[in-house]
Structures are given as structure tokens and as C-alpha cells.
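Chain residues, written in single-letter form:
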Amino acid sequence: MLLFYVRHGDPIYNPDSLTPLGHKQAEALAKRLCRHGIDKIYSSSSNRAVLTGTPTAELLKKEIVKMDWCHEGQAWKHFAFPDKDNNYHWPAARIETKELFLRPDVVALGKEWYTHPDIASRHDYKTEIAAFDKEVDAFIASLGYEHDREKGVYNAVNPNSDRVALFAHYGAGTGFLSSLLDIPYNLYCTHFNLSTSGMTVIKFSSREGVTIPEVLTLSNDSHVFAEGLPTKYNNEIYF
């Protein structure tokens, strides 16, 4: 199986939509994804995510299955972290939070990083991440792969060659990829980003019934380049 995680195109957050550039990015994505086909299309229930997936769905004549659990609003409840004034932010948005998440005494706790008193006293990540992990595992299980979190692998209950696309968000994507790949969230969110319309591809291949997902590309924007659209990463930097 190949799983394509796609962040929505250049957004308008209020009202929830896409800019003209975002619509062009979505059309470019559709051309790229349709080249080899997509078997199943899922999306956050957010309008900007649905709009990003719509050109692909229309070209392939596929239905978009909408899901609430990967909506950015849900991810915010799970992952946003308060500053000293109790204002919430995405952890990667503030250097103070990133430094806290990467402190040696926090990192030394491994998967239990959120039990550190300087973190646990401000946000119940233990409960929130467990709730999000449950949703991620249920989604991947529906695709044929059951997560064994103790071993950090997946049991291939129904191994397949499906090509599956999920259109969603930055915040939900950070949590999703952290959960899917068994990388502690404090490490993932501080070191990885996702650009608008960026395409992340993960391969699920099995050996003797065991699957270890592999990231083939992260936040790839080749579709944008191919169409001659601006390749400015999150409207911030060219490279």
C-alpha cells in the first residue's frame, strides 16, 4: 500500500477555503496523483481540505470520504500547548516550547516524554495523544494494517497494493505522522514541517505478515514546480 498524506492548499482560514493559489495547487496535485491513480480518497471534514482533494476526486471519479478526527480543530485540542500566559499555540510555533520539548531531561523519558512535570502540569498529552493514536490506528486498520505499538510495527491483516490519499492539515499531519511512525511527538513536531499542498508518501510493504512503514518523500512539491507555480515553502522561503 502507498499512503499519500497531503496538506491542504494555500488557505483562507476564515472563512474556511482556499486562495486562488491554493486552488491551482489542488489542480496540480490532481494531475500528479492521477498519473498512477488513487484507489481511495479521504479528507478532513474541513472545507479547505475537501477543496484540495476535489480536483483529484473529480478526475478519478472517486468519492471523498470525510472524517472529523483529522480536522485541524480536533488536532488543536489534542496538541496545542499553552505559553506562560496560558495562551495556546502549536508547539513548533514558539521557540520556548521547542526548547522545552527538546530538553535532555524530557527527551530522556522517551515515549513517556509528556510525563515530565514541566509539561504534564500544563497539558494532558498522555490523554490527548492516546485519544488521537486510537483514531489513527482505527483508520490504518481499516486499510488492512493493525498497529502493534509495543513493537513499533504493523501486522498486515489485509496486505494490499492500494493507493490511498488523505487530505488534511499541518497540525493534524504532524500528529498523524508522529503516531503512524512511532516517533515521539515532542521530537517530530520540533523537527519536521509540512508545506501547503505538500505530498508525503509512505510505503506499507509486508514481510511474513509484518509491516514497517517507510517515508518515501516528505512534503513534496514537485507538482507545484511542474505547473510553474511558486515553490515558496509556506510562502516563506525559496529553495
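Given the structure is predicted, the values throughout are model-derived calculations rather than measurements.

(A) Summary view of the environment of glutamine 74. Mapping glutamine 74 onto the fold places it in helix H3 (residues 72-79). What makes glutamine 74 partly exposed here is its relative accessible area of 31%. For the pair glutamine 74 and alanine 172, spaced 98 residues apart in sequence, the C-alpha separation works out to 7.9 Å. Those residues in contact with glutamine 74, other than ones at most four positions away along the chain, are Asp68 and Trp69.

(B) Spatial organisation of the side chain of threonine 200. Summarising the element assignment, threonine 200 is placed in strand S11 (residues 199-203). Of the residues examined, threonine 200 reaches a relative accessible area of 1% and is grouped as buried. One polar contact links the side chain of threonine 200 to the main-chain amide nitrogen of serine 219, over a distance of 2.9 Å. Once you skip the residues sitting within four places of it in the chain, threonine 200 turns out to touch Leu3, Phe4, Tyr5, Leu177, Leu194, Val215, Thr217, Leu218 and Ser219.

Reading the values: rules and limits
- Residues numbered from 1 in each chain as written.
- Predicted model: local features only at pLDDT ≥ 70, side-chain atom pairs only at ≥ 80, totals over all residues.
- Heavy atoms only, no water.
- Helix = DSSP H or I, 4+ residues; strand = E, 2+ residues; numbered from the N terminus.
- Buried < 20%, exposed > 50% of the residue type's maximum accessible area, 1.4 Å probe, protein only.
- Contact = heavy atoms within 4.5 Å.
- Polar contact = N/O pair within 3.5 Å; in protein donor to acceptor, adjacent residues only side chain to side chain.

From the geometry alone we can't say anything about function, so treat these as descriptive.
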